[in-house]
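Topology and contacts: notes
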Amino acid sequence: MKAETYPFVVRPLPYEYDALVPVQDAETLTFHHDRHYKTYVDNLNMALSDYPELQKLSLKELLTTLDHMQEPLRTAVRNNGGGVYNHELYFDSMKSPVGQDPSGQLAAAIDRDFGSYRQWKDQMKQAAVSKFGSGYAWLLTDKEGKLSIVQTSNQDVPDLKDFTPLFLVDVWEHAYYLQYQNRRADYVDGWLTLINWRKAEKRYEER
């Protein structure tokens, strides 16, 4: 994703609100993008409004320099900056469910590090479904190209200095509850058909 600095803006979806039907309905996607994501953008800008020295930093730079911030600013940037980063990657990692599969270098890395695409899919679903409470399941690559699946809680992000996120699945209830109620596993099954593998492959190649 292109780097930007304060004031951060709400990025439009890269597709129409009904583009992910039937996996995600337009009501869920509208509520998720226009309400939840926008709130994180607004709150991050508010948190940074009195810190001109931080306003020149990109979102990634803010999230990798949290240790240099004093409370309560650190918590505000971790929660809201993480919320912006995570939602932007989430929305940008999906496309209309047309049944595409990974290919190229990323497909080879999945086979190498997980045994097969099927085994990766099972592990990714397990990470998403088993995440207690709110959070995310991620597919990451390190600088050498080794893949890993990790969970994070709330709006935390992985170590962005050592790892490049390829995509993530949002398992906060607001991401699926309007359509799936408490059936998180059904939501995750559907989400696995929405992965924009071409964008994931580009992120992997540019790590």
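This one's a predicted model, so the numbers in the text were calculated from it and none came from an experiment. (Residues numbered from 1 in each chain as written. Predicted model: local features only at pLDDT ≥ 70, side-chain atom pairs only at ≥ 80, totals over all residues. Heavy atoms only, no water.)

1. Side note on the overall build of the protein
When you go through the protein residue by residue, the secondary structure sums to eight helices and three strands. The order of α-helices and β-strands along the protein, N terminus first, is α-α-α-α-α-β-β-β-α-α-α. In terms of overall size, the protein behaves like a compact globule, its C-alpha atoms giving a radius of gyration of 17 Å where 207 residues would be expected to give roughly 17 Å. The principal-axis extents of the C-alpha atoms in the protein amount to approximately 50 × 40 × 30 Å. The buried share of the protein, reckoned over its 207 residues, is 47%. The long-range share in the protein, meaning contacts at least 24 apart out of those at least 6 apart in sequence, stands at 70%. A total of about 10000 Å² of accessible surface is found on the protein, and carbon and sulfur atoms cover 51% of it. Looking at charge distribution, the protein has the averaged site of its 24 positive side-chain charges lying 2 Å from that of its 30 negative ones. (Helix = DSSP H or I, 4+ residues; strand = E, 2+ residues; numbered from the N terminus. Rg over C-alpha atoms; globule rule 2.2 N^0.38 Å. Buried < 20%, exposed > 50% of the residue type's maximum accessible area, 1.4 Å probe, protein only. Contact = heavy atoms within 4.5 Å. Areas by Shrake-Rupley, 256 points an atom, 1.4 Å probe, with all protein chains shown as cover. Lys, Arg positive; Asp, Glu negative; His and termini not counted. Charge placed at Lys NZ, Arg CZ, Asp CG, Glu CD.)

2. A word on the pairing of strand E1 (residues 135-142)
Of all eight residues making up E1, eight are buried, and the element is well covered by its neighbours. Pairing between E1 and strand E2 (residues 147-153): seven bridges, direction antiparallel. Along E2, the bridge assignment pairs Tyr136 with Thr152. Between the end of E1 and the start of E2, which pair antiparallel, lie four residues, with Gly145 showing a positive phi angle near 95 degrees. Relative to strand E3 (residues 163-170), E1 is paired through seven bridges, and the arrangement is antiparallel. (Pairing = 2+ DSSP bridges.)

3. Description of the side chain of Gln179
Counting through the fold element by element, Gln179 comes out in helix H6 (residues 177-180). Among the polar contacts made by the side chain of Gln179, one reaches the main-chain carbonyl oxygen of Pro22 at a distance of 2.9 Å. (Polar contact = N/O pair within 3.5 Å; in protein donor to acceptor, adjacent residues only side chain to side chain.)

4. With respect to helix H5 (residues 117-130)
Taking 1.5 Å as the rise per residue, H5 with 14 residues should run 20 Å; its terminal C-alpha atoms sit 20 Å apart, in good agreement. Along H5, the positions that sit buried rather than exposed are Trp120, Met124, Ala127 and Ala128. The arc that holds the buried residues of H5, viewed along the axis, is 95 degrees, so those residues lie on one side. On its buried side, H5 packs onto helix H4 (104-114), E1, E2, E3, helix H7 (184-191) and helix H8 (197-205). (Expected span 1.5 Å × (residues − 1). Arc of directions from axis to C-beta.)

5. Some remarks on the nonpolar core
Core analysis: the largest hydrophobic core is formed by 60 residues, its most contacted members being Trp120, Met124, Leu147, Phe167, Tyr187 and Trp191. Setting aside residues up to four positions removed in sequence, Phe167 forms contacts with Leu89, Ser93, Trp120, Met124, Ala137, Trp138, Leu139, Trp191, Ile195, Trp197, Ala200 and Arg203. (Core = buried A, V, L, I, M, F, W, Y, C linked by side-chain atoms within 4.5 Å.)

6. A short note on the sheet that holds E3
Pairing is antiparallel in the open sheet, where three strands are placed in the order E2-E1-E3. Every interior strand has two partners, whereas the edge strands, E2 and E3, have only one. Each strand of the sheet is rotated relative to its neighbour by a mean of 30 degrees, with strand direction disregarded. Lying on the sheet, helix H3 (residues 73-92) is in contact with E1 and E3; it crosses E3 at an angle near 80 degrees. Contacting E1, E2 and E3, H4 crosses the sheet at an angle of about 80 degrees to E2. (Axes fitted to C-alpha atoms, helices over the stretch in contact; angles between N-to-C directions.)

7. Description of H8
When we look at burial in H8, the residues that qualify are Trp197, Ala200, Glu201, Arg203 and Tyr204. All buried residues of H8 lie within an arc of 160 degrees about the axis, which places them on one face of the element. The inward-facing, buried residues of H8 contact H3, H4, H5, E1, E2 and E3.

8. Brief notes about the packing of aromatic side chains
The geometry of an aromatic ring pair comes down to the distance between the two centres and the angle between the two planes. For the structure on display, the rule yields eleven aromatic pairs. Where Trp120 meets Trp197, the ring centres are 5.4 Å apart and the plane angle is 70 degrees; that geometry is what we call edge-to-face. You can see Trp120 sitting in helix H5 and its partner Trp197 sitting in helix H8, a full 77 residues away along the chain. For the pair formed by Trp120 and Trp197, the shared burial category is buried. Here the aromatic rings of Phe167 and Trp191 are separated by 5.8 Å at their centres, their planes lie at 65 degrees, and the arrangement is edge-to-face. You can see Phe167 sitting in strand E3 and its partner Trp191 sitting in helix H7, a full 24 residues away along the chain. The exposure class of Phe167 is buried, given its relative accessible area of 0%. Cluster of aromatic residues (ring-pair linked, three or more members): Tyr117, Trp120, Phe167, Trp191 and Trp197. Above the face of the Tyr204 ring, Arg207 is positioned so that its terminal group lies 4.6 Å from the ring centre. (Phe/Tyr/Trp six-rings, centres within 6.5 Å; stacked < 30°, edge-to-face > 60°. Lys NZ or Arg CZ within 6 Å of the ring centre and 35° of its normal.)

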